[in-house]
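# Survey of secondary and tertiary structure
What follows is the residue order along each chain.
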Amino acid sequence: MPAKLILSMDGVVLKEYPLNKERTTVGRKPHNDIVIDNLAVSSEHAAVVTILNDSFLEDLDSTNGLMVNGVPTKKHFLQNNDLIEIGKYKLKYLNDQPTQTTAADFEKTMVLRAPVRTTPHANVGVVASKGDSTTTFNATASNLTADSTGAQPPAAVVQILNGPNSGKELELVKNLTTLGKPGVQVAVLARRPHGYFITHVEGGSFPTVNGSSIGEQPHQLNDHDLIELAGVKMEFYFKS
């Protein structure tokens, strides 16, 4: 069963929403997937990005904000029984499937190093950033398991084309690789049996592929596609 959100107010369950798409929006306007018709709710209040068994909540710069388990939150890696509060409304997150990452992994979002002066022989072109400190890693993402089908697409690589790490290659060896700069623009590259997909997670603008915005929906990547994310240009290609 897919994860789901249960909408309630004053203890009364109003509706259940299965998280069966990669991006589920919550807001007052009727185009949202979860519509809450209340003036305390922004037109587009929040979004939940679901990839494999993991769901990530993001506040879309709403006027009144939101809380998770009583704590004001801008973005959050959802875990079973988390309670999201938007005004008088509550959304309970239920997921009985084992997650494939952890809250700590999500906090340490992989980011592409900003164009700054670097010493020769820099280690790799991705870093994990938490707070004001920056640590270089050889890993590309959290240690995720393969899809249950066992099928996998051909191995693929992302090569950085500009900045101090131009020429660096990042092999997509995990099912999920999170790229970007937290607070600016973040996207997830997901490896699936039928290909690789890039999905917007965070930021006021969407990443581009071959110069075109990918929008809110997952975008399948083709050989030699050019991605631009958080000011960094990179090329996606399959290993021969």
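Details of the structure are given in the entry above.
All of the points below concern the structure found in this document.

Basis of the calculations
- For every chain, the first residue of the written sequence is number 1, and numbering continues from 1 onward in sequence order.
- Only residues with pLDDT of at least 70 are given local features in this predicted model, and only at 80 or more are side-chain atom pairs given and counted; all residues enter the totals for whole chains, interfaces and linings.
- Side-chain numbers here rest on the full set of heavy atoms in the structure, without hydrogens or water.
- Note on pairing: two strands pair once DSSP finds at least 2 bridges between them.
- Helix and strand definitions follow DSSP, with helices as H or I runs of at least four residues and strands as E runs of at least two, each counted in order from the N terminus.
- Each salt bridge in this description consists of a side-chain nitrogen of Lys or Arg and a carboxyl oxygen of Asp or Glu lying within 4 Å of one another.
- Exposed residues in this analysis have more than 50% of their type's maximum accessible area, buried residues have under 20%, and partly exposed residues fall in between, with area computed by a 1.4 Å probe over protein chains only.
- Take the buried Ala, Val, Leu, Ile, Met, Phe, Trp, Tyr and Cys residues and link them wherever side-chain atoms come within 4.5 Å; each set so joined is a nonpolar core.
- Residue contacts are counted whenever heavy atoms from the two residues lie within 4.5 Å of one another.

Note on sheets: strands pair through backbone hydrogen bonds, and any given pair is parallel or antiparallel. Taken in spatial order, the six strands make up an open sheet running 2-1-11-10-7-8, and their pairing is antiparallel. Across the chains shown, the open sheet's two edge strands, defined by having one partner strand only, are strand 2 (12–18) and strand 8 (71–72). As judged from the two bridges shared by strand 7 (residues 67–68) and strand 10 (residues 83–86), these two strands associate in the antiparallel manner. Across the sheet, residue valine 68 finds its bridge partner in strand 10, namely isoleucine 84.

Per the counting criterion, the structure on display carries six salt bridges. The salt bridge partner of glutamate 22 is arginine 192, with a shortest N-O separation of 2.0 Å. Pair noted here: glutamate 22 is in the loop between strand 2 and strand 3 (23–27) and arginine 192 is in strand 18 (residues 185–192), with a separation of 170 residues, a long-range link. Here glutamate 22 matches arginine 192 in class, with each residue buried. In this structure, aspartate 61 engages lysine 74 in a salt bridge whose closest nitrogen and oxygen atoms are separated by 3.5 Å. Taken together, the residues span a long stretch of sequence, with aspartate 61 in the loop between strand 6 (54–59) and strand 7 and lysine 74 in the loop between strand 8 and strand 9 (75–77) at a distance of 13 residues. According to the relative accessible area criterion, aspartate 61 is exposed, its value standing at 65%. Residue classification places lysine 74 among the partly exposed positions, given a relative accessible area of 49%.

Its location among the elements puts leucine 39 in the loop between strand 4 (34–35) and strand 5 (46–51). As for leucine 39 and arginine 28, which are separated by 11 residues in sequence, their C-alpha atoms are 7.5 Å apart.

The biggest cluster of nonpolar side chains holds 20 residues, and the ones touching the most others in it are Leu5, Leu57, Ile84 and Leu91. With residues up to four places along the chain from it excluded, the contact list for leucine 5 reads Lys15, Glu16, Tyr17, Leu19, Ile34, Val48, Ile84, Leu91, Lys92 and Tyr93. Counting 19 residues, the second largest nonpolar core, distinct from the first, contains Tyr196, Ile198, Val209 and Phe236.

One open sheet holds the six strands; their spatial order is 16-15-24-23-20-21, and the pairing between them is antiparallel. The sheet terminates laterally at strand 16 (169–171) and strand 21 (212–213), the two strands that pair on one side only. When strand 15 (residues 156–160) meets strand 24 (residues 232–238), the two strands line up antiparallel, connected through five bridges. By the bridge assignment for strand 24, valine 157 is matched with tyrosine 237.

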